[in-house]
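Notes for the structure review
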Amino acid sequence: MNAIIIRQGLVVGERSSDVADVLIVDGQIKVVATTIDAPTGAHEIDARDCWVGPGFVDLHTHLREPGREAAETIESGARAGALGGYTALVAMPNTEPALDSVALVSFVLERGARTPIDIAVAGAITKGRAGESLAPMAEMAALGVRLFTDDGLGVQDPSVMRRALTYAKPLDVRLAQHCEDERLAADGTMNEGALSGRLGLVGRPALAEELMVMRDIELVRLTGASLHFLHLSTGRSVAMVTAARDEGLSVSFEVAPHHFTLDESACTDYDPVFKVHPPLRARHDVDALRDALRRGMVDAVATDHAPHAPELKDLAFDEAPAGMLGLEEAASLTYQALGASSDPHVFFALLSRGPARVAQLRRDDHRVRHSAHGARMVVGEDANVTVFDPRAEWVVDRTMLASRSMNTPYEGRAMTGRVRATIAKGRLVVDEGRLA
Amino acid sequence: MIDTIRGRSLLSLDDLSKEAIVEVLDTAESFVEVNRRSIKKVPALKGRVVASLFFEESTRTRLSFETAAKRLSADVLSLAVASSSVKKGESLRDTIATIDALGIDAVVLRHRSSGAALQVSRYVPHVRVINGGDGQHQHPTQGLLDAFTIRQVLSERHATTGLESGAELFAGLKVLIVGDIRHSRVARSDVAAYAALGAVVRLCAPGTLLPEDVATWPVTVVRDFDEALGWADVIGLLRLQSERGSGAFVASLDEFTFTHGLTVERARLLKPKALIMHPGPMNRGVEIDSRVVDSSQAIVERQVTNGVPIRMAALYLSVAGSGEGTSL
């Protein structure tokens, strides 16, 4: 018998929360009660003053395998995820080659099954992510793939995107879009504005994102399909998608920790660690995202964890690749962004229940061997549980991260709140903030 | 605001005070005299090593910097990396670390990417970095030599010397900058220098060749080129930077000449004593007519000549100026 008992944490259900003990036996939640007599040999976790809720789900992780294993592997990314409180990651398909076939998706799922957490896959919408012809979404869906995206790039051609939405609709899968019109973003490397002009850097205008958001909302209206908007970075983008959602369209969106934590001024010293697509935006956009988070408007926080080997971030700003780490910092940054009155229900909605719903991970799926995530914390559910200590203080040290890469934009930053324990697939993966 | 470049890297003119700029101009005056001697050399940087690192093609800037360093008796390590660091397969940090390992006091850096000089100054904080042009960002020694050239010509006219006039002759001086301002590091450095010295600056360009942030610049943007020509005491032309994609920003080179080229006809609208400047290399027949280049109002060659004393001054102040008592 494999038993874990989580003592006296605030157990955060969907609507209410109570201080209780949680007993996990053989991969499932067995008992939730005020006090439980632990079975002999059970591993005890002291969760006093901590939040105990469903394990986090990241909708947006670049695991780099296959193709760029120097930056990250499925295994190293899974460890980084576990330390960040994640019990499931959705691997993005912009690997080399792109995840656009049954063979490649199966490879990632099989590698993922050997890690201590669940690895789901987002398949490519188009072959080779080239934006031209549809990838075999039905075949990949039969493997259990529930999310498709050409992330890294949006599907630029509106007729291809329309066709993809129409094709995906009866498959019961969801497309996800990286919204940036590349023609308008051109060779831009940071947010377009007074600062990019002064720095002599070509700008990526907010409008490049907003135009595609606008276009895709209309395509969803036309086709009746579902669409998830990846890493929205401007106040206007968020306003448009929430309005469409209120109208009843099947749309959802995520925001990334760097977009609600850092603004464009981080680029002032031309450090390529701060280069990302969509770019870090103006202060008013950062404030708009934080406001949306606090008001519970956001479906999910997703990391867009994008590892790059150190030498690639030692290039000139416009030559360096875009992207930054986030798995190990996301929970703290979300907690901090929610502010002093941080509501544990909103917190777990953003990091677990919301993304699990978007990724359709709320039920287990034997085809892809993943367990259920984003649960209500009641008896009988799969034990994917994260214990978060909102009082813990720590400082980001890039040399201590589990990721193979070091491109964290938060180096040296003091953080509040930290994952104390991660239980994934019923096993204790992280204990006392360290890999067990 | 930085009040002197002594002992510091020279990365941008954006943050230099009037005093800092005048100090460089004044220092350059003494080097003009050195350049007129039969033995054009002073021991100011004897034993110092200056690395000249050009990641982007350049003839005059490079020649000018290396000549300047040699006339100061510095040893010059010269490395041409015409292709980008990416193509070469080495990171910018590693390239700099390699050069630094040879033992250097200063780096003159030209790079196609904005910010490269600042990045390098971060990688090797003990080395003085002189920005020889970074992307669309800054070209500080060009801005300084342009200001120096204007002061030189105007002081001759006023029968005074540059040293005596300081920044006086710039007060209210009307400078018009025309052409591809958006992609121009020279424009950014020129505007910073002229504005700091007290000149009034106007810009005139096709809408697509104005920078996005022009509203934050200390300038006025004007539409009527012909009218602005009659206003200006100095007109600075810029090269249409087709390698930065400027071609797509106008309908054709012909049309650019039609709207913003300094043709012979337009040159007649200039005040008789107005000065015509161009940082080179010129696209003759595009932004400037060949016959205008060869007119007496054009001071393009003087700009080139002054490149050496200005770069001597920049290197001298930056490298030797840290208070070690090196004399000329």
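Residues numbered from 1 in each chain as written. Chains lettered and ligands numbered in written order. Predicted model: local features only at pLDDT ≥ 70, side-chain atom pairs only at ≥ 80, totals over all residues.

1. Digging into the overall build of chain A
- Looking only at helices and strands, one finds 12 helices and 19 strands in chain A.
- Relative to the 2.2 N^0.38 estimate, which gives 22 Å for 436 residues, the radius of gyration of chain A is 20 Å and therefore close to what a compact globule would have.
- Dimensions of chain A along its principal axes, counting C-alpha atoms only, are 65 × 45 × 45 Å.
- With 436 residues in all, chain A has 59% of them scored as buried.
- A separation threshold of at least 6 residues defines the contact pool for chain A, and within that pool the share at least 24 residues apart is 73%. (Helix = DSSP H or I, 4+ residues; strand = E, 2+ residues; numbered from the N terminus. Rg over C-alpha atoms; globule rule 2.2 N^0.38 Å. Buried ≥ 20, exposed ≤ 12 C-beta atoms within 10 Å, placed from the backbone. Contact = placed C-beta atoms within 7 Å.)

2. Overview of the pairing of strand β10 (residues 174–177) of chain A
Residue and element names in this part refer to chain A.
- Burial of the side chains of β10 extends over both faces: R174 and A176 are buried on one face and L175 and Q177 on the other.
- Direction of pairing for strand β9 (residues 147–149) relative to β10: parallel, over a ladder of 3 bridges. Within β10, the residue paired with L147 across the bridge is R174.
- Note: β10 against strand β13 (residues 227–229), 3 bridges, orientation parallel. Bridged to L175 within β13 is L227. (Pairing = 2+ DSSP bridges.)

3. With respect to helix α5 (residues 116–123) of chain B
All names here are of chain B.
- Of all 8 residues in α5, 6 are buried, a share of seventy percent or more.
- Residues of α5 that are buried: A116, A117, L118, Q119, V120 and S121.
- On its buried side, α5 packs onto α4 (92–101), β3 (106–111) and β4 (128–134).

4. Focus: the domain arrangement of chain B
Residue and element names in this part refer to chain B.
- For chain B, the domain assignment lists domain 1 (18–137 + 305–320) and domain 2 (140–302).
- Using C-alpha coordinates to define each centre, domain 1 is positioned 25 Å away from domain 2.
- Counting residues at the interface gives 22 residues for domain 1, matched by 24 residues for domain 2.
- Among the elements of the structure, α1 (18–36), β4 and α13 (300–320) are those that each provide at least two residues to the side of domain 1 that touches domain 2.
- Broken down by element, the residue count for the side of domain 1 that touches domain 2 peaks at 8 residues, all from α1.
- Among the residues forming the side of domain 1 that touches domain 2, the class breakdown is 7 nonpolar, 9 polar and 6 charged. (Domains from an automatic or database assignment. Nonpolar A, V, L, I, M, F, W, Y, C, P; charged D, E, K, R; others polar.)

5. Some thoughts on the interface of chain A and chain B
- Contact residues are listed per partner, giving 18 residues for chain A and 24 residues for chain B.
- Sort the elements by how many residues they give to the side of chain A that touches chain B and helix α6 (residues 194–199) of chain A lands first, with 4 residues.
- Of the residues that constitute the side of chain A that touches chain B, the class distribution is 7 nonpolar, 4 polar and 7 charged.

6. Remarks on the packing of helix α11 (residues 330–338) of chain A against helix α12 (residues 344–358) of chain A
All names here are of chain A.
- For the pair α11 and α12, the least separation of the axes is 10 Å and the interaxial angle reads 140°. The orientation of α11 relative to α12 falls into the category oblique. Pair α11 / α12 crosses with right-handed handedness. Judged by residue contacts, A331, T334, Y335 and L338 of α11 engage V346, F347, L350 and L351 from α12.
- Its residues assigned to classes, the contact of α11 with α12 comprises 7 nonpolar, 1 polar and no charged. (Axes fitted to C-alpha atoms, helices over the stretch in contact; angles between N-to-C directions. Parallel < 35°, antiparallel > 145°, perpendicular 65-115°, else oblique. Left-handed = near helix turned anticlockwise from the far one by under 90°.)

7. A closer look at the domain arrangement of chain A
Residues and elements named next belong to chain A.
- The assigned domain composition of chain A is domain 1 (3–51 + 378–435) and domain 2 (54–358).
- The centre of domain 1, based on its C-alpha atoms, is set 26 Å off from the matching centre of domain 2.
- On the side of domain 2, 43 residues touch domain 1, which itself brings 34 residues to the contact.
- Those elements giving two or more residues to the side of domain 1 that touches domain 2 turn out to be β1 (3–12), β16 (385–395), β17 (414–424) and β18 (427–431).
- Of all the elements, β17 adds the most residues to the side of domain 1 that touches domain 2, at 7 residues.
- Each residue belonging to the side of domain 1 that touches domain 2 can be placed in one class, and the counts come to 18 nonpolar, 10 polar and 6 charged.

8. Quick look at the nonpolar core
- If you look at the biggest cluster of nonpolar residues, it comprises 233 residues, and the most contacted ones within it are A:F148, B:I21, B:V107 and B:L315.
- For this core, the leading source of residues is α13(B), giving 10 residues.
- The contact partners of B:V107, leaving out residues within four places of it in the chain, are B:A51, B:L53, B:I99, B:V120, B:V127 and B:V129. (Core = buried A, V, L, I, M, F, W, Y, C linked by C-beta atoms within 7 Å.)

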